Structures are given as structure tokens and as C-alpha cells.
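For reference, the chains in residue letters:
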Amino acid sequence: MIKPLFIDGEWIKTNNTHQVFNKYSGELYSEISVADEKLVNQAVEAAVYAHKHVSFDPDSRGQVLRKVSSLLQENCEELAEIIANEGGKPIKDARNEVMRSASTFEIAAEEARRLVGEIIPNFNVQGRFLYTVKKPIGVVAAITPFNFPLNLVSHKLAPALAAGNPVILKPASDTATIAIKLCELLEIAGVPKGYLHCLVGSGSTVGEQLLQNERIAHYTFTGSPGVGKHIQKTIGLRKATLELGSNSATIVHEDADIEKAAAKLASMSFANAGQICISVQRIFVHNSIKEGFMNQFLAYISNIKVGDPLDPETNVGPMISSKEVERIEGWVNEAVDEGAVIMTGGKREGNIYYPTVLTNVSKGMKVFDEEVFAPVVSVIFYDTLEEAIDLVNDSKYGLQAGIYTSDLSLSYKLPYMLEVGGVVVNDTCCFRTDQMPYGGVKESGNGKEGPSYAIQELVETVTVVVNLEG
Ligand code: NDP
């Protein structure tokens, strides 16, 4: 059955459709209507109308978002299966994503009631009372990637609605079935007509049409740096929150608990087949612990189960497309030609690329400089902490960094020394919990997510000056 789009409270089918495939078997999984320019304009008009004329007060916003959170939990298994089928994510990780989405909505529900202005101290001025109010910014366009097709959509929709804004979602075409399902739950939860629209279609058509529409006030985007830069360039003075890519690093220092570091790094380098923006891509290990670390790290990796994402034992499933597998195969082969050594992996089977560890990697190789976004990690050895910090910072990206060390005083110093948006001590760079401020520097983007931080970017602060003598 062809799945419809959601525009202005109506489910609309179109003749033009997009086919979504199971990423492991390659079989057709679902078929979804595709928006054209007329429907894009219709959604924007309805959202503008809702912003101006339809009330959605903070109490109602909280109730709707809390209800969505409950519905996500109640429907966890069905939603997880959709994610596993169309996204190739192992089912146990897919279940975790659904529960995290429920939490994202719950946090946003709480924030809906906390939107407050402030009183400004009135020194240097007589007879004036100054304060601020925060009001919804206007129509928000949310453009999302395939890799967390439910929770990253939740990180856009929940804060936009909590702030009182109508939102138009354009999900990644490859994983749009789960986005449609989430919109069904939002409708059941009672989101007012005009406050939610879901437009499926490629970035080059529907995405571009959204960027060109001047009635949209704010763009919230998660995806690749190339598209992020294009969005910023296209929308001119209008605002954007951009959550982009990275080649994130974790340091294993000489005083680290090697066993804990090896075990966690072995799982987080390959989680979701490495298709996580903070996936561990570069591991810097102190030369004095080189052998002990590598032995344990490779031993843990040998136990990783690769295969069908619907198998509850699977840790690493397929990548999103054969094109992406071919890309990473090419990058690894190129690195090997330039001197890199494959310690394990380096082979493919269908859309699965086996967990791969490289050593003897250096700057100038794509696997080091660019975002690999695949189950490939490089281990590099260093002598001093200063050298390791320089290596982490020697990147055009700056999302998160991790360090394993028993010297906790470093947790005070490293945030000032590392050029990243988040520092994780005694865990990997691939750590995120949904309430924390999350976002990068340099080419990893701008702005923070995490509902209470995202909301601040989605409201307009209006200053009010009252002349008490007037
Ligand atoms: P893409 O940038 O390819 O796509 C992301 C979204 O943008 C999709 O919905 C896509 O549509 C759309 N899009 C593509 N071109 C345009 C355009 N010209 N105008 C408007 N929209 C467009 O990213 P992926 O889906 O491949 O996701 C992987 C990337 O996301 C990685 O770089 C990863 O690091 C990053 N990411 C960042 C995170 C963070 O929080 N910092 C978290 C997760 C991922 P369609 O695909 O339908 O054509």
C-alpha cells in the first residue's frame, strides 16, 4: 500500500512514489508518495496560517509531546522493526533508538512550560522598565538524515513544537517510512492542524524547494557537511541549526584502564556500521600500552556478530547502500596502497562491510582526514599527551572527543585544549544522551541540540521597554 504524505492535517497520496528497500535483503519494503512543488507550497502556506491564527499554548504543547512519548513506548516493537528493515540497524539498537525518541519527546514536553523571558536591570536609565518575552520564531523546516531516522527527527520536531512553531519535516528518502509513522503518532496525540507537515522527496527537489521558500523562518538540519554548507549559503540571512559530520577521535592515555577502553572502543567504532556522526574513527593510543591495547581490542572485535539486522544477536548490519559500501572499499584500498595496514576486516559481503581496523595511517589519507561514516577505524600511536591533543585538533571537524585516563584533573583542562563541542572522559567520543547540549565546531556545524538548547534557537527574544513616566 502506498503511504501518503501529511499536509495540513490531511493524508495525501500522489502518483509519483519513492520505493524504500530492506537494506539487508534488498527486497522492496515500502512505497511512499512524493511531494511536488505545489504540495510544498501548500504545506508552507498552511504552516504560515497556523503560526498566525491557530493557538497552541504551552500546556497543550506539553500534553501532546508527553502523549507522543507514551505512544512511542507502547509501539516500540513495531517502530524498531521499521528502523531495522529500512535502515539496516540491528534490532536491539533500533529498540534503543525508539526508547531514546520517547525520552526526547518527554524532555521537550517539560521544556514547553519553561520558556521564560527576563527582567533587564535598568542602570544608566531613569523611569524605564525593561524585560524580554520569547515567542515562536515562525515556520521551521526540519531536514533529517538516514542514520537515526526516528530520534534525529524527534530532536527536530519535539523542540520546534515545544517552542510553539509549525514544522515541516523532510526526512531522508531512504528511511522515510518511520518518519511517516511518527507523524501518525503525532496526529493521534492531537497536534493542531497546520502545525505538522511531512513531505517526502529528494533533497535536490523537495529539499531545494524548501530552501528557496522565504516564508520559512528557520532550518534545522542534520546531515553531511556539503549539504550543510549549501543550506547556509542558500538561505541568506535566515537562521539555521546545522548538525554535520566528523572524524571523531578517542585518546587512550598511558594511565587508562586498557580493558575497559578496548571493550568499549571495539563496540562504538562499529555501532550502526560506523554510520554515526560521532562514531569512533581515530583512536590515539600511548606507545607504552600499544601491545596490551591492540591485543584486547582485536580480541573484542573478533566476537562482533555481523549479519541480518533482524537477528537479535547481530551487532553490525548492512550499510545504507551499495554505493556507500563501494565508497569505503575504495577509501580503504587507497589507504593500503599508500602504506596503511589492515589488522582485521577489509572485506565486504553484499551491503555489509566487515569491522575494519587500520594502522600505519597518516594525514593525507581519506580514512584519516575525511568522515569515513563506515565500520572502519584507524589506530595511531603517540608519545606525549600534547601530541595526541594536536592530532585530535588536526581536523577540519570538531564534534566530540573522548579520552581514557585515570587523571581526572584532565577533565578541567581538556575542554579548553580540544577544538570540539563535547569532551567525554573515560568513555568514547561516541557518547550522547538526549538531554545534553550536543553540537560541534568547525565543519561539524553550529548550534546545539538537546531539547532545552534547541528551543533557544527556535524562539525570538523580543525586548520590551516601558516608559513609566509616559
Ligand atoms: P545527507 O546530507 O546526504 O542528507 C541529509 C538530508 O538532507 C536528507 O534528508 C537529504 O535528502 C537532504 N538533502 C540532500 N541534499 C539536499 C539539498 N540540496 N537541499 C536540501 N536538503 C538536501 O546526509 P545523510 O542522510 O547521508 O547522513 C549522513 C550525514 O549526516 C553524515 O555526514 C553524518 O555525520 C551526518 N550526521 C550528523 C549528526 C550530528 O548530529 N552532527 C548526526 C547524524 C548524522 P535525501 O537523502 O532524501 O535526498
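What you see is a predicted model, and the numbers here were worked out from it, not measured in a lab.

A.B. asks: In this structure, what is going on with the packing of helix H2 (residues 58-74) against helix H6 (residues 176-189)? I would like to understand it.
C.D. replies: Two quantities define a packed helix pair, namely the angle between the helix axes and the distance between the axes. Look at H2 against H6: their axes get within 9 Å of each other, and the N-to-C directions meet at 130°. The angle between H2 and H6 places the two elements in the oblique class. When the axes of H2 and H6 are compared, the crossing they make is right-handed. Residues Val64, Lys67, Val68, Leu71 and Leu72 of H2 form the contact with H6, whose own contacting residues are Leu182, Leu185, Leu186, Ile188 and Ala189. Looking at the contact of H2 with H6 residue by residue, the class counts come to 9 nonpolar, no polar and 1 charged.

A.B. asks: Looking at this structure, how should I read the environment of Lys52?
C.D. replies: Relative to the helices and strands, Lys52 resides in helix H1 (residues 37-53). When the C-alpha atoms of Lys52 and Gly138 are compared, they prove to be 8.7 Å apart, with 86 residues separating the residues in sequence.

A.B. asks: So what exactly am I meant to see when it comes to the site of the ligand here?
C.D. replies: The environment of the ligand is formed by 31 residues, the closest being Ser173, Ser224, Leu244, Cys277 and Glu371. Thr144 places a polar main-chain atom, nitrogen or oxygen, 2.7 Å from an oxygen atom of the ligand. Within the side chain of Ser224, one N or O atom sits 2.5 Å away from an oxygen atom of the ligand. Its free accessible area being 910 Å², the ligand has 85% of it covered by the protein chains. Among the secondary structure elements, those contributing two or more residues to the shell around the ligand are helix H7 (203-212), strand S11 (218-222) and helix H8 (225-234). Among the elements that take part in the shell around the ligand, H7 stands out by supplying 4 residues, more than any other. Residues that form the shell around the ligand fall into these classes: 15 nonpolar, 12 polar and 4 charged.

A.B. asks: What exactly am I supposed to notice about the pairing of strand S4 (residues 17-21) here?
C.D. replies: For a regular strand, side-chain orientation follows a simple rule: the groups alternate between the two sheet faces. As paired strands, S4 and strand S5 (residues 28-33) are joined by 5 bridges and run antiparallel to one another. Across the sheet, residue Gln19 finds its bridge partner in S5, namely Glu31. With antiparallel pairing between neighbouring strands as the criterion, S4 and S5 make up a hairpin whose turn holds 6 residues, including Gly26 at a positive phi of roughly 80°.

A.B. asks: Is there a simple way to explain the packing of aromatic side chains in this structure?
C.D. replies: The relation between two aromatic rings is expressed through the spacing of the ring centres and the mutual angle of the planes. If you walk through the whole model with that rule in mind, you get 6 aromatic pairs. With a centroid separation of 5.7 Å and 40° between ring planes, the pair formed by Phe129 and Tyr131 is classed as tilted. Overall, Tyr131 belongs to the partly exposed group, its relative accessible area being 28%. A cation over an aromatic ring shows up here: Lys89 above the ring of Phe148, its NZ or CZ 3.6 Å from the ring centre. Over the face of the ring belonging to Trp331 we find Arg327, whose NZ or CZ atom lies 4.6 Å from the ring centre.

A.B. asks: Is there a simple way to think about the side chain of Asp427 in this case?
C.D. replies: The topology assignment puts Asp427 in the loop between strand S22 (422-425) and strand S23 (441-442). Since its relative accessible area comes to 15%, Asp427 is described here as buried. Within the local environment of Asp427, its side chain forms a polar contact with the side chain of Lys264, the two groups lying 3.0 Å apart. Setting aside anything within four residues of it in sequence, one finds Asp427 in contact with Thr250, Lys264, Gly402, Ile403 and Tyr404.

A.B. asks: Any chance you could explain the sheet that holds strand S25 (residues 459-467) here in plain terms?
C.D. replies: Spatial strand order, S6-S7-S25: 3 strands in an open sheet with antiparallel pairing. The open sheet has two edge strands, strand S6 (119-120) and S25, and neither has a second partner. Relative to S25, strand S7 (residues 128-136) is paired through 9 bridges, and the arrangement is antiparallel. Bridged to Leu130 within S25 is Val465.

A.B. asks: Explanation requested: the environment of Ala273 in the structure shown.
C.D. replies: Among the structural elements, Ala273 can be located in the loop between helix H9 (258-268) and strand S14 (282-286). Since its relative accessible area comes to 1%, Ala273 is described here as buried. Sequence spacing of Ala273 and Phe6 is 267 residues, and the spatial spacing of their C-alpha atoms is 31 Å. Setting aside its immediate chain neighbours within four residues, Ala273 contacts Val316, Gly317, Pro318, Met319, Ala374 and Pro375.

Analysis parameters
Residues numbered from 1 in each chain as written. Predicted model: local features only at pLDDT ≥ 70, side-chain atom pairs only at ≥ 80, totals over all residues. Heavy atoms only, no water. Axes fitted to C-alpha atoms, helices over the stretch in contact; angles between N-to-C directions. Helix = DSSP H or I, 4+ residues; strand = E, 2+ residues; numbered from the N terminus. Parallel < 35°, antiparallel > 145°, perpendicular 65-115°, else oblique. Left-handed = near helix turned anticlockwise from the far one by under 90°. Contact = heavy atoms within 4.5 Å. Nonpolar A, V, L, I, M, F, W, Y, C, P; charged D, E, K, R; others polar. Near = heavy atom within 4 Å. Polar contact = N/O pair within 3.5 Å; in protein donor to acceptor, adjacent residues only side chain to side chain. Areas by Shrake-Rupley, 256 points an atom, 1.4 Å probe, with all protein chains shown as cover. Pairing = 2+ DSSP bridges. Phe/Tyr/Trp six-rings, centres within 6.5 Å; stacked < 30°, edge-to-face > 60°. Buried < 20%, exposed > 50% of the residue type's maximum accessible area, 1.4 Å probe, protein only. Lys NZ or Arg CZ within 6 Å of the ring centre and 35° of its normal.

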